[in-house]
Amino acid sequence: ELSASTTTIRVQGAGGQESAVITATGYDSTGNVITDCSSNIEFSIISGPGGGEALDGVPFPPGPAVVKTTSSGTASVSLTSGSVSGTVYVEADIVLAGDCSTVISVAAQTTPIAIEAGEPANILIFQAPTVTSNPDGSTSQTFSALAQDLHGNPVENGTVIFFGLVDNSIPNPS
């Protein structure tokens, strides 16, 4: 069984929780926690955004498996975020030692852990190429904006952004 302390963490440096504890527990064929033999639990990131996320400091990609030896049937690693938002999947393989001949080796995968973008740090404004003449004699033009965190990740949907138009006209000095 594989569990995570949280299913959402933030990109590095964006404020908020940047890590989650992933815990693997091995069970024998009768459903009891393996406590009578030693085993290695190998943790690996099998999929992620590739922004420097890591298990116990081992970055993905390519990062080798992080191996924890246990005789209690349970082991944990820390997943830390990188600079790119996205979803991370961690896998744990239980590799049993010679004194565990009656127990089979198992692999388990976590629920997705989301690495969320940080707060808005940059706003890019895009201007449509055409100006529309309206029936009342006014004109209109479409603008759109993209809000990004400090790493350039788009901020989460629903983030409220306020912006307005500044009149840059310079008065005639006459």
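What this report covers is the structure whose coordinates are included nearby. This is a predicted model, so every value here is computed, not measured.

Here the phi dihedral of Asp56 falls at roughly 45 degrees; this positive angle occurs in a residue that is not glycine. Along the polypeptide, Asp56 turns up in the loop between strand 5 (54-55) and strand 6 (58-59).

Here we take up a nonpolar patch on the surface. A contiguous nonpolar surface patch, about 420 Å² in accessible area, is contributed by Ile123, Ile125, Phe143 and Phe163. Positionally, Phe143 belongs in strand 15 (residues 143-148).

Backbone hydrogen bonds are what pair the strands of a sheet, in a parallel or an antiparallel way. Taken in spatial order, the five strands of this open sheet run 1-3-8-5-6, and their pairing is antiparallel. Each edge of the sheet is formed by a strand with only one pairing partner; in this case those strands are strand 1 (2-4) and strand 6. Examined bridge by bridge, strand 3 (residues 19-25) and strand 8 (residues 74-80) share seven bridges and lie antiparallel to one another. For Thr23, the partnering residue across the bridge sits in strand 8 and is Ser76.

Conventions and cut-offs
- Residues numbered from 1 in each chain as written.
- Predicted model: local features only at pLDDT ≥ 70, side-chain atom pairs only at ≥ 80, totals over all residues.
- Heavy atoms only, no water.
- Helix = DSSP H or I, 4+ residues; strand = E, 2+ residues; numbered from the N terminus.
- Patch = residues over 30% accessible without salt bridge, like charges linked within 9 Å, V, L, I, M, F, W, Y side chains within 5 Å.
- Areas by Shrake-Rupley, 256 points an atom, 1.4 Å probe, with all protein chains shown as cover.
- Salt bridge = Lys/Arg side-chain N within 4 Å of Asp/Glu carboxyl O.
- Pairing = 2+ DSSP bridges.

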